[in-house]
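Overview (structure and organization)
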Amino acid sequence: MKALFIGGTGNISTACSVEAIERGVELYHLNRGATRAEVPEMIRTIHADVRDVDETLRALGDMEFDCVVDWIAFSVEHVENDIELFSGRTKQLIFISSASVYHKPPSHYVITESTPAYNPYWEYSRNKIACERRLIDEYEKRGFPVTIVRPSHTYGVGWIPTSFGSRDFTVPRRILEGRKIVVHGDGQSLWTITHAEDFARGFVGLVGHPRAVGETFHITSDENLTWDQIHTI
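Below is a summary of the structure that appears in this document. (Residues numbered from 1 in each chain as written. Predicted model: local features only at pLDDT ≥ 70, side-chain atom pairs only at ≥ 80, totals over all residues. Heavy atoms only, no water.)

**Some details on the layout of surface pockets**
In this structure, the second largest pocket occupies an estimated 320 Å³ of space. Surrounding the second largest pocket, 19 residues form its lining, Y155, P161, I193, I230 and I233 being those nearest its centre. Listed by contribution, the elements that provide at least two residues to the lining of the second largest pocket are α5 (170-176), β9 (193-195) and α7 (227-232). Broken down by class, the residue content of the lining of the second largest pocket amounts to eleven nonpolar, six polar and two charged. (1 Å grid on protein atoms, 1.4 Å probe; cavity = no way out; pocket = protein on both sides within 12 Å on 5 of 7 lines; lining within 4 Å. Points joined across faces, edges and corners; volume = space filled by probe spheres on them. Helix = DSSP H or I, 4+ residues; strand = E, 2+ residues; numbered from the N terminus. Nonpolar A, V, L, I, M, F, W, Y, C, P; charged D, E, K, R; others polar.)

Given below as structure tokens:
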């Protein structure tokens, strides 16, 4: 199987790159080469700025893929580029959305893929919703082979699962020093966190899978913890 990751060196995508290589995927990264990450040497890198369609077309040449994964699309303009670049060039495009698209405030603590996408509080989430709708419209009208994946709060090497941002090292420093830390509210609200390597095991199974086209998946742990429990652990 031949796959292209747009990005590929982030918190989640690095772990997915490693998992894909271990499963025998012929993997390419398309990025500007600006972010350093420890990824397997077998990955082939194509240097281009995906926001520049002409530059990317020149870099890709006549290459085709079983699957393309866009880890860095955050606006409708970005997915319009994907449609232009990869229509007829891939059997599947996986759009990385976000579990933050689900209805806020939640009507139930159990959230499934059928929970409505509605978040009036965060522009990032509204943009992801708009991306999903544009891609589904392209799938329904012209058969563009999209799969939508919604990660939740995913942590890994260098990404700490605190309630104030995954790159905030103030909290672990205070824990190491035996000092008090701040937790929002009363610390009893429920949350689900997922390690990037666990996410990768579920995710790579969707790569190149024909029955995943036209479907939406979220990949998270099934463990519910309070924020007090998370910080205590």
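**What to know about the environment of D66**
Residue position: D66 is located in the loop between α2 (53-60) and β4 (67-70). For D66, a relative accessible area of 22% gives the class partly exposed. As for D66 and V183, which are separated by 117 residues in sequence, their C-alpha atoms are 44 Å apart. Here K91 takes part through its side chain, which lies 3.2 Å from a polar atom of the side chain of D66. (Buried < 20%, exposed > 50% of the residue type's maximum accessible area, 1.4 Å probe, protein only. Polar contact = N/O pair within 3.5 Å; in protein donor to acceptor, adjacent residues only side chain to side chain.)

**Structural notes on the packing of helix α1 (residues 11-22) against helix α6 (residues 196-204)**
Where α1 meets α6, the axes come as close as 8 Å, and the angle between the chain directions of the two elements is 55°. With respect to α6, the element α1 is oriented oblique. You can see that α1 and α6 cross each other, and the crossing is right-handed. Residues N11, I12, A15, C16, E19 and A20 of α1 pack against A196, E197, F199, A200, R201, F203 and V204 of α6. Of the residues assigned to the contact of α1 with α6, the class counts are nine nonpolar, one polar and three charged. (Axes fitted to C-alpha atoms, helices over the stretch in contact; angles between N-to-C directions. Parallel < 35°, antiparallel > 145°, perpendicular 65-115°, else oblique. Left-handed = near helix turned anticlockwise from the far one by under 90°. Contact = heavy atoms within 4.5 Å.)

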